[in-house]
Amino acid sequence: MSAADSPASQGSKLPSNVRIAGTGSYLPEKILTNAELEILVETSDDWITSRTGIKERRIAAEGELTSHLAAKAAEKALEQAGIEAADVELIIVATITPDTLTPATACYVQQHLGALKSVAFDVSAACSGFLYALELARHSVGAGAFKNAVIIGAEKLSAFVNWKDRNTCVLFGDGAGAAVLVPSENGDGRILSSHLGTDGAQAELLNIPGGGAACPITIENADQNLAVLSMQGREVFKHAVNAMRRASEQAIESAGLTAADISLVIPHQANIRIIDAVVERIDIDPKDVFINVDKYGNTSAAAVAIALDEANRQGRINSGDKILLVAFGAGLTWASAVIEW
Ligand code: COA
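Residues numbered from 1 in each chain as written. Predicted model: local features only at pLDDT ≥ 70, side-chain atom pairs only at ≥ 80, totals over all residues. Heavy atoms only, no water.

A. Molecular detail of the overall build of the chain. Helix and strand counts for the chain stand at 10 helices and 14 strands. In terms of overall dimensions, the chain is globule-like: its C-alpha atoms have a radius of gyration of 19 Å, near the 20 Å expected for 341 residues. Over its C-alpha atoms, taken along the principal directions, the chain stretches across nearly 60 × 45 × 35 Å. The burial tally for the chain puts 56% of its 341 residues in the buried class. Counting contacts in the chain only where the partners sit at least 6 residues apart, residues at least 24 apart contribute 78% of the total. (Helix = DSSP H or I, 4+ residues; strand = E, 2+ residues; numbered from the N terminus. Rg over C-alpha atoms; globule rule 2.2 N^0.38 Å. Buried < 20%, exposed > 50% of the residue type's maximum accessible area, 1.4 Å probe, protein only. Contact = heavy atoms within 4.5 Å.)

B. Representation of the pairing of strand β12 (residues 264–267) in the model. The side-chain alternation of β12 yields two buried faces, one formed by L264 and I266 and the other by V265 and P267. Two elements, β12 and strand β13 (residues 322–329), share 4 bridges in a ladder whose sense is parallel. Bridge pairing in β13 places L264 opposite I323. (Pairing = 2+ DSSP bridges.)

C. Broad picture of the site of the ligand. For the ligand, the set of nearby residues contains 22 residues, the closest of which are T43, R51, G233, R234 and N271. A distance of 2.7 Å separates a nitrogen atom of the ligand from a polar side-chain atom of T43. Interatomic distance of 3.4 Å between a side-chain N/O atom of W47 and a nitrogen atom of the ligand. When the ligand sits alone it has 960 Å² of accessible area, and the protein chains cover 75% of it. (Near = heavy atom within 4 Å. Polar contact = N/O pair within 3.5 Å; in protein donor to acceptor, adjacent residues only side chain to side chain. Areas by Shrake-Rupley, 256 points an atom, 1.4 Å probe, with all protein chains shown as cover.)

D. Focus on the side chain of T333. Here T333 is to be found in strand β14 (residues 333–340). Here the side chain of T333 touches A330 through a polar contact of 3.2 Å, landing on its backbone oxygen.

E. Spotlight on the nonpolar core. Counting 45 residues, the largest nonpolar core has L257, I262, V265, I284, L324, F328 and V338 as its most contacted members. A total of 8 residues in this core trace back to one element, the largest contributor, which is helix α7 (residues 233–254). Among all residues touching V265, those that are not within four sequence positions of it are I284, D288, V289, F290, L324 and V326. Ranked by size, the runner-up nonpolar core spans 37 residues in total, among them I20, F130, L308 and A327. (Core = buried A, V, L, I, M, F, W, Y, C linked by side-chain atoms within 4.5 Å.)

F. How the structure looks around the environment of A277. Inspection of the secondary structure puts A277 in helix α8 (residues 272–281). Considering only alpha carbons, one finds A277 and V241, 36 residues apart in sequence, at a separation of 6.5 Å.

G. Main features of the packing of helix α3 (residues 66–81) against helix α4 (residues 105–113). As a packed pair, α3 and α4 sit with axes 9 Å apart at the nearest point and diverge in direction by 50°. One way to sum up the angle between α3 and α4 is to call them oblique. Between α3 and α4 the crossing geometry is right-handed. In this structure, α3 contributes T66, S67, H68, A70, A71, A74 and E75 to the contact, and α4 contributes T105, Y108, V109, H112 and L113. Of the residues that constitute the contact of α3 with α4, the class distribution is 6 nonpolar, 5 polar and 1 charged. (Axes fitted to C-alpha atoms, helices over the stretch in contact; angles between N-to-C directions. Parallel < 35°, antiparallel > 145°, perpendicular 65-115°, else oblique. Left-handed = near helix turned anticlockwise from the far one by under 90°. Nonpolar A, V, L, I, M, F, W, Y, C, P; charged D, E, K, R; others polar.)

Here it is in structure tokens:
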């Protein structure tokens, strides 16, 4: 049984009268190349490129936090949507690298933006987080509870990576992406379907074991570097391909479409080999798949959001296009959505 067959998998077939009115993204200035990683750990550009497709990633400056990256991405999305921060009603930040355990990073983002009348909270669903936020926000806006919503995927993973562990440190990067949701009128764009899933039985495959109540960082364990990403890469790889394939098929089918109707796939950017394997299995032409993992590595909850913004600003999405978004991450979690632009 693949993860996406598990009972903890929920689809939403009803189209939402909600559209994406603006997108934005922000990447920190500092670029860390594979060549620079060769100095930090025993690795090579050739190994990283051939196993992952990653050539470089961005690293936030000291003092530049997840909330700062998130706010910069949100500002661009709001500008494109033509909505003032003061008029924002809902902010959802998807992140696994919050500024603080509490309050939510979304609260800091509300302050940075000056979106003072908004309700703001975080979701934690790892690399699927932006699509979990999309699902929550589209129902909230679609039901009329909020007039608009800013959803943001943002991560400062560099703060939670063991820079001595070559198995993980070559994979991750920092960044943020955002989208603004508003009610749609006269059929000007809709969210056609979505599919979310969770398999908590596999939680140990990819986690940050220390720093929570289960394993607080103390003087006794401080030298064990426990508040960093830990991963069983091969197992995660297999689950990722299966879950993203099933989630993609379910969202396309729920939208009443076939793979041939999809103009562009925007997958989670973890590893080019995972993306290639999923795309081959769902029978999509590789030229219709948006890729930027080479530039940014895996930015977890930010990855789909950044890719959506880049695709949008590069003119790869036109009115009426049907777009498939699909992600997979720690939890395990997976998520997909089909959007009519
Ligand atoms: N540079 C050089 N060698 C490395 C390395 C690195 N950065 N990282 C691992 N290796 C070594 C391993 O130590 C191992 O050596 P050994 O055979 O002597 O023990 C060898 O390369 C093979 O390791 P393995 O883990 O089997 O490689 P792989 O082909 O599975 O690729 C990943 C490793 C992590 C790239 C791959 O498993 C993967 O992408 N998994 C999914 C990760 C992911 O996307 N996670 C996030 C999901 S949201």
